[in-house]
Amino acid sequence: MGAVWSLLGILSGAFIAVQAPINSQLAKGLGLPVAAAAFSFLSGAIVLGIIAVSVVKLQGISLDWKAPAPWLFVAGGMLGGFYVTLSTILTPRIGAAALMAFLVAGQLIAGMLIDRAGFLGVAVREISLGRVAGAVLLLAGALLIRLY
């Protein structure tokens, strides 16, 4: 089952790579990157809303709207909005491969800090020499992809 989860992670990464040039073309056509990001989120929200309502009905469950902290309802969407907008702006300027490399490097560095702090209940993991070396190598790879 671990292989399936790994493959789904790879597929998810591929979706991100394909999404960036699609949104960049949408921004070019609309004339405004933030509008492209907004429509990307709007269409995603509609599709996910339909799926969520369907799953709730099929499984006969109800959502506990009072359980999560109120800020959690907007934080992920706001961060995602910045990500999609910046990706839309950066893709035509630095290319999809460089953007993806920098995204992965940024995700790894942030992930290491999240692990170290145990942010929002994530299991605490120390920042080891091996992890730092991996992050430095990944960042070096991203720079090489951008420069060459």
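As the structure is a prediction and not an experimental result, all values here were calculated from the model.

## Focus: the pattern of salt bridges
Here is step 1: Under the definition given, this model contains 2 salt bridges.
Here is step 2: The residue D115 makes a salt bridge to R131 at a minimum N-O spacing of 3.3 Å. With D115 in helix α4 (residues 96–117) and R131 in helix α5 (residues 129–147), the pair connects residues that are 16 residues apart, well separated along the chain.
Here is step 3: For R131, a relative accessible area of 29% puts it in the partly exposed group.
Here is step 4: Its salt-bridge partner being E126, residue R116 comes within 3.6 Å of it at the nearest N-O pair.

## Some details on the packing of helix α1 (residues 2–30) against helix α2 (residues 33–59)
How two helices sit against one another is set out by the angle between their axes and by the gap between those axes.
Here is step 1: Axis separation between α1 and α2 bottoms out at 8 Å; the angle between their running directions is 125°. One element, α1, and the other, α2, form an angle in the oblique class. Classified by chirality, the crossing of α2 by α1 is right-handed. Across the interface between the two elements, Q19, N23, L26, A27 and L30 from α1 touch P33, A35, A36, F39 and S40 from α2.
Here is step 2: In terms of residue class, the contact of α1 with α2 is made up of 7 nonpolar, 3 polar and no charged.

## Structural notes on the UniProt feature "transmembrane region" (unreviewed entry) in the protein
Here is step 1: Under the local residue numbering, the UniProt record ascribes the feature "transmembrane region" (unreviewed entry) to residues 34–56, 68–90, 96–115 and 127–147.
Here is step 2: Structurally, residues 68–90 is divided into 83% helix and 0% strand, and its ends, taken at the C-alpha atoms, are 33 Å apart.
Here is step 3: For the annotated span residues 96–115, helix accounts for 100% and strand for 0% of the residues, and the straight-line distance between the end C-alpha atoms is 28 Å.

## A closer look at the packing of aromatic side chains
Aromatic ring pairs are defined here through the distance separating the ring centres and the angle between the ring planes.
Here is step 1: Tallied over the entire structure, the rule returns 1 aromatic pair.
Here is step 2: Ring centres of W65 and F73 lie 6.0 Å apart, and the angle between their planes is 20°; on these two criteria the pair is classed as stacked.

What counts and how
Residues numbered from 1 in each chain as written. Predicted model: local features only at pLDDT ≥ 70, side-chain atom pairs only at ≥ 80, totals over all residues. Heavy atoms only, no water. Salt bridge = Lys/Arg side-chain N within 4 Å of Asp/Glu carboxyl O. Helix = DSSP H or I, 4+ residues; strand = E, 2+ residues; numbered from the N terminus. Buried < 20%, exposed > 50% of the residue type's maximum accessible area, 1.4 Å probe, protein only. Axes fitted to C-alpha atoms, helices over the stretch in contact; angles between N-to-C directions. Parallel < 35°, antiparallel > 145°, perpendicular 65-115°, else oblique. Left-handed = near helix turned anticlockwise from the far one by under 90°. Contact = heavy atoms within 4.5 Å. Nonpolar A, V, L, I, M, F, W, Y, C, P; charged D, E, K, R; others polar. UniProt positions renumbered as here; feature names shortened; annotations may be inferred. Phe/Tyr/Trp six-rings, centres within 6.5 Å; stacked < 30°, edge-to-face > 60°.

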